[in-house]
Amino acid sequence: GETVLKRVVGQFRRSYKRNDKPVCTAMVRFIAHLINQQVAHEILGLQLLTVLLEKPTDDSVELAVSFVKEAGCALQQLSPQGLHAIFERFR
């Protein structure tokens, strides 16, 4: 699990820096599924959302919304305060 997670996070970082939206979208969804299966910690998801909403663009907000759709229920159960803070950033 750890090796897969390191590779996926690394791939996300590279694709995010290159503005490679299709790869970035795939990695965000994959990380969301890893959080749903509790392979990845929910803090990773909150950090990912923080990065996406740090300098919001149309694409980064779209990725953040996609992530919350995929992993929102798990985040709500595991870290309700963290998810609330993310929703405040959406406003």
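Whatever comes next refers back to the structure up there.
A. Local environment of the environment of V4. Structurally, the position occupied by V4 is in helix α1 (residues 2-17). Between the alpha carbons of V4 and H33 there is a distance of 12 Å; along the sequence they are 29 residues apart.

B. Broad picture of unusual backbone geometry. Located in the positive-phi region is N19, a residue other than glycine, with phi close to 55 degrees. Note that N19 resides in the loop between α1 and α2 (21-36). Judged by its relative accessible area of 68%, N19 is exposed. The phi angle at Q38 is positive, at roughly 60 degrees, despite the residue not being glycine. Structurally, Q38 is set in the loop between α2 and α3 (42-54).

C. Inspection of the packing of aromatic side chains at higher detail. For the structure on display, the rule yields two aromatic pairs. Aromatic pair F12 and Y16: ring centres 5.6 Å apart, planes at 20 degrees, arrangement stacked. One end of the pair is F12 and the other is Y16, both in helix α1 and four residues apart, which spans about a single turn. According to the relative accessible area criterion, Y16 is partly exposed, its value standing at 27%. Ring centres of F87 and F90 lie 6.0 Å apart, and the angle between their planes is 40 degrees; this geometry places the pair in the tilted category. With F87 and F90 both in helix α5 (residues 80-90), this residue pair falls three residues apart, about one helical turn. Of the residues examined, F87 reaches a relative accessible area of 37% and is grouped as partly exposed.

What counts and how
Residues numbered from 1 in each chain as written. Predicted model: local features only at pLDDT ≥ 70, side-chain atom pairs only at ≥ 80, totals over all residues. Heavy atoms only, no water. Helix = DSSP H or I, 4+ residues; strand = E, 2+ residues; numbered from the N terminus. Buried < 20%, exposed > 50% of the residue type's maximum accessible area, 1.4 Å probe, protein only. Phe/Tyr/Trp six-rings, centres within 6.5 Å; stacked < 30°, edge-to-face > 60°.

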